[in-house]
Amino acid sequence: MTTALQPQNERRIFERFSARFPVKFKDTRDDYGTDVFLRDASAQGVRIMTKERYFLGDQLSLEVQLPDGGEPMVLNGEIVWVKLVNLSMWEIGVQFFEVNFLRMQRLFKLAEGLPL
């Protein structure tokens, strides 16, 4: 098994994987994928793109619509970094309040196109 060296400032414990699914902020009337987009994920958190402005320490809940026909996956966490991408889009790092390996296994398998 080979592993890539991580940069010294890299603090991530779990490997990040590409996961592009429609998302919406929980408890909003907005449709999935209109103001927020999931970009990638790990067992500890996700990276999202959004038109909404958020700040470090803000807490949020996301509903991720997955193609398996099941209930949307609800992810709760705290914003740990924010980056302005362009005049109307923000890239945000969200760290989960708790790690849930079973839930993230579902997300990983669907992202990789593996059978559940």
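Residues numbered from 1 in each chain as written. Predicted model: local features only at pLDDT ≥ 70, side-chain atom pairs only at ≥ 80, totals over all residues. Heavy atoms only, no water.

Novice: Account for the pairing of strand 4 (residues 45-50), with residues named and values stated.
Specialist: Burial of strand 4 is extensive: five of the six residues sit out of reach of the surface. Sheet analysis places strand 3 (residues 36-41) next to strand 4, joined by five bridges and oriented antiparallel. Pairing of aspartate 40 across the sheet is with arginine 47, part of strand 4. Here strand 3 folds back onto strand 4, and the loop between the two strands holds three residues. Here strand 4 pairs with strand 7 (residues 89-96) via six bridges, running antiparallel. (Buried < 20%, exposed > 50% of the residue type's maximum accessible area, 1.4 Å probe, protein only. Helix = DSSP H or I, 4+ residues; strand = E, 2+ residues; numbered from the N terminus. Pairing = 2+ DSSP bridges.)

Novice: Got a sec to walk through the confidence of the model for the chain? Specific residues and values, please.
Specialist: Per-residue confidence for the chain gives a mean pLDDT of 81, with 83% of residues at or over 70. Contacts of residues 1-8 to residues separated by more than four positions or lying in other chains number one contact, the stretch itself having pLDDT below 50. (pLDDT = per-residue confidence, 0-100. Contact = heavy atoms within 4.5 Å.)

Novice: Can you lay out the packing of aromatic side chains for me, pointing to particular residues and giving the numbers?
Specialist: Given two aromatic rings, their pairing is described by the distance between the two centres and the angle made by the two planes. A full pass over the atoms with the stated rule returns one aromatic pair. Residues phenylalanine 25 and tyrosine 54 carry aromatic rings whose centres are separated by 5.3 Å and whose planes lie at 45 degrees to one another, so their mutual orientation is tilted. Note that phenylalanine 25 is positioned in strand 2 (residues 23-25) and tyrosine 54 in the loop between strand 4 and strand 5 (59-64), a separation of 29 residues in sequence. Of the two residues examined, phenylalanine 25 and tyrosine 54, each falls in the buried class. (Phe/Tyr/Trp six-rings, centres within 6.5 Å; stacked < 30°, edge-to-face > 60°.)

Novice: Residue-level account of the nonpolar core, with values.
Specialist: Counting residues in hydrophobic clusters, the biggest one holds 24 residues, and the most contacted among them are Phe21, Leu38, Val46, Ile48, Leu62, Val64 and Leu107. Among the secondary structure elements, those contributing two or more residues to this core are strand 2, strand 3, strand 4, strand 5, strand 6 (73-86), strand 7 and helix 1 (101-112). Take this core: its biggest share by element is four residues, from strand 7. (Core = buried A, V, L, I, M, F, W, Y, C linked by side-chain atoms within 4.5 Å.)

Novice: So, the pattern of salt bridges: which residues are in play, and what are the values?
Specialist: Across all of its chains, the model carries four salt bridges by this definition. Between glutamate 63 and lysine 26 there is a salt bridge, with the nearest N and O atoms lying 3.7 Å from each other. Of this pair, glutamate 63 sits in strand 5 while lysine 26 is found in the loop between strand 2 and strand 3, placing the two residues 37 residues apart along the sequence. Relative accessible area serves as the criterion here: at 14%, glutamate 63 is assigned to the buried category. The closest approach of N and O atoms between glutamate 91 and arginine 47, which form a salt bridge, is 2.6 Å. One end of the pair, glutamate 91, is in strand 7; the other, arginine 47, is in strand 4, and 44 residues separate them in sequence. Taking relative accessible area as the criterion, glutamate 91 reaches 13% and is therefore assigned buried. By sharing partners, the salt bridges in this structure join Asp40, Arg47 and Glu91 into a single network. (Salt bridge = Lys/Arg side-chain N within 4 Å of Asp/Glu carboxyl O.)

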